[in-house]
Amino acid sequence: MEWCVSMPKIELHAHLNGSIRDSTLLELAKGLGDKGLIDFSQVEHVILKNDRSLAEVFKLFDVIHILTTDHATVTRITKEVVEDFASENVVYVELRTTPKKNESKGMSKHSYIEAVLEGLRAVSSVDVDFIPHSEELKNLSNPLLSTTNDKCNENTRKKIFVRLLLSIDRRETTEAAMETVMLALEMGHFGVAGIDLSGNPAVGEWVTYLPALKFAREQGLCVTLHCGEVPNSREIHDMLDFLPERIGHACFFEEDHWRKLKSSKIPVELCLTSNIRTLSVPSIDAHHFVDLYNAKHPVVLCTDDSGVFSTSVSNEYKIVRSSFGLGRKEMLELSKNAVEYIFADNTVIRCYDAYELTARDATYCYYVSRQ
Ligand code: 6MZ
């Protein structure tokens, strides 16, 4: 495990409200309990329960969302989540979250994302790079490159690249989905790099989100879709035909889905612990990681909801090592390959006055420097 923690890693499938520390959730619940707004002992039980079906996971999210409704809390959880990933040597994370409206708290989808950005600014344990092409970069103490040569260098201070994906919840209407895409476009210069479709897979129809997803694509945003979390053959076909830049999960795929996926080379975000805990896959031995890995299909190991499923990126690598016998070299390669699938844009960023790199190359360079 120590080695898995020390190895640099890339996290591409992490839901903000699913990645909250238990201690923070309990503290927030206690606060609301003390005010008589919730029954603390009941919520405590729900938070600490270990095994949950997929349906129960979505009930838990309803509870979590009651605890994280104000701007200050959204800022706090974002800061903590990024610090937690950085502390286990994640060098690049795409954090996804569903922009929320809450009139009683004066929250709009826009102000929700502002609160998330505030959380990124509040991170103090590491440097956070989240503005892809801003003049501000010049003024940041960017330790990516030495001023004297153009080789990647070991940093004295850790850094984490953060990009945001805005999630469309499957409960939303076409208009609400479109609003999220517009917001993502507006926030592009703050590191919003793409759109995710997530939420309870038993709810909603593909055609509802399609107009917004098409529009996102036309405007140059990358798209990732939760695909095949439940058996729904027609929807899996429709999603693969859309040719998203990535998909998540792919649990309930049948032969013709695998064929289509493999010929399309769409990278798959795999969340082993999540899939096992929710019984989306019967056992680790039956997990489709093995088949995709052996077929050299692009995959990336992710946590999904590190808080809800009590896991970490390092733990996901440890599982791959212990269950499928991958050696250190293979694990490093698996992790490094993920740089190819990131949504950070290819805009040139400036590292000191003399060097210009794309955000992707900067991530790659930094990844290698940390190996
Ligand atoms: C589908 C999931 C999910 O957006 O409030 N979410 N959607 N499948 C999953 N696998 C278990 N895990 C999380 O984070 C929580 C939201 O992310 C989605 C759900 O819509 C959940 O409400 P945010 O930050």
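Cut-offs used in this document
Residues numbered from 1 in each chain as written. Predicted model: local features only at pLDDT ≥ 70, side-chain atom pairs only at ≥ 80, totals over all residues. Heavy atoms only, no water. Helix = DSSP H or I, 4+ residues; strand = E, 2+ residues; numbered from the N terminus. Rg over C-alpha atoms; globule rule 2.2 N^0.38 Å. Buried < 20%, exposed > 50% of the residue type's maximum accessible area, 1.4 Å probe, protein only. Near = heavy atom within 4 Å. Polar contact = N/O pair within 3.5 Å; in protein donor to acceptor, adjacent residues only side chain to side chain. Areas by Shrake-Rupley, 256 points an atom, 1.4 Å probe, with all protein chains shown as cover. Expected span 1.5 Å × (residues − 1). Arc of directions from axis to C-beta. Contact = heavy atoms within 4.5 Å. Salt bridge = Lys/Arg side-chain N within 4 Å of Asp/Glu carboxyl O.

(A) Main features of the overall build of the chain. Counting its regular elements, the chain contains 16 helices and 11 strands. The C-alpha radius of gyration computed for the chain amounts to 20 Å, which stays within 12% of the reference 21 Å derived for 371 residues, consistent with globular compactness. Reported as C-alpha extents along the three principal axes, the dimensions of the chain are approximately 60 × 50 × 45 Å. Of all 371 residues assigned to the chain, the portion counted as buried reaches 56%.

(B) Structural context of the site of the ligand. Neighbouring the ligand are 19 residues, the closest being His65, Thr97, Thr98, Lys100 and Asp305. Contacts to the ligand include Lys100, whose side-chain N or O atom sits 2.7 Å from an oxygen atom. The contact in question runs from a nitrogen atom of the ligand to an N or O atom on the backbone of Gly199, over 2.9 Å. Within the complex, 99% of the 510 Å² of free accessible area of the ligand lies under protein. For the shell around the ligand, the element with the most residues is helix 4 (residues 54–67), which contributes four residues.

(C) Layout of unusual backbone geometry. In this structure, Asn89 is a non-glycine residue whose phi angle is positive, near 65°. Note that Asn89 resides in the loop between helix 5 (71–87) and strand 2 (90–97). Asn89 sits in the buried class, given a relative accessible area of 11%. Even without a glycine there, the phi angle at Lys296 is positive, about 55°.

(D) The arrangement of helix 8 (residues 174–186) in detail. The first and last C-alpha atoms of helix 8 sit 18 Å apart over 13 residues, in line with the 18 Å expected at 1.5 Å per residue. Taken residue by residue, helix 8 has Ala176, Ala177, Thr180, Val181, Leu183 and Ala184 as its buried positions. Buried residues of helix 8 fall within an arc of 160° about the axis and therefore sit on the same side. Where helix 8 is buried, its residues meet helix 6 (109–122), strand 4 (159–169), strand 5 (192–198) and helix 9 (206–218).

(E) Broad picture of the pattern of salt bridges. In the structure shown here, the tally under the stated rule is 23 salt bridges. The partner of Arg76 in a salt bridge is Glu27, and the shortest N-O contact between them spans 3.0 Å. Taken together, the residues Arg76 in helix 5 and Glu27 in helix 2 (residues 22–34) connect sequence positions 49 residues apart. Among the ionic pairs, Lys109 bridges to Glu172, the shortest N-O distance being 3.0 Å. Here Glu172 lies in the loop between strand 4 and helix 8 and Lys109 lies in helix 6, a separation of 63 residues in the sequence. No difference in accessibility class separates Lys109 from Glu172, as the two residues are buried.

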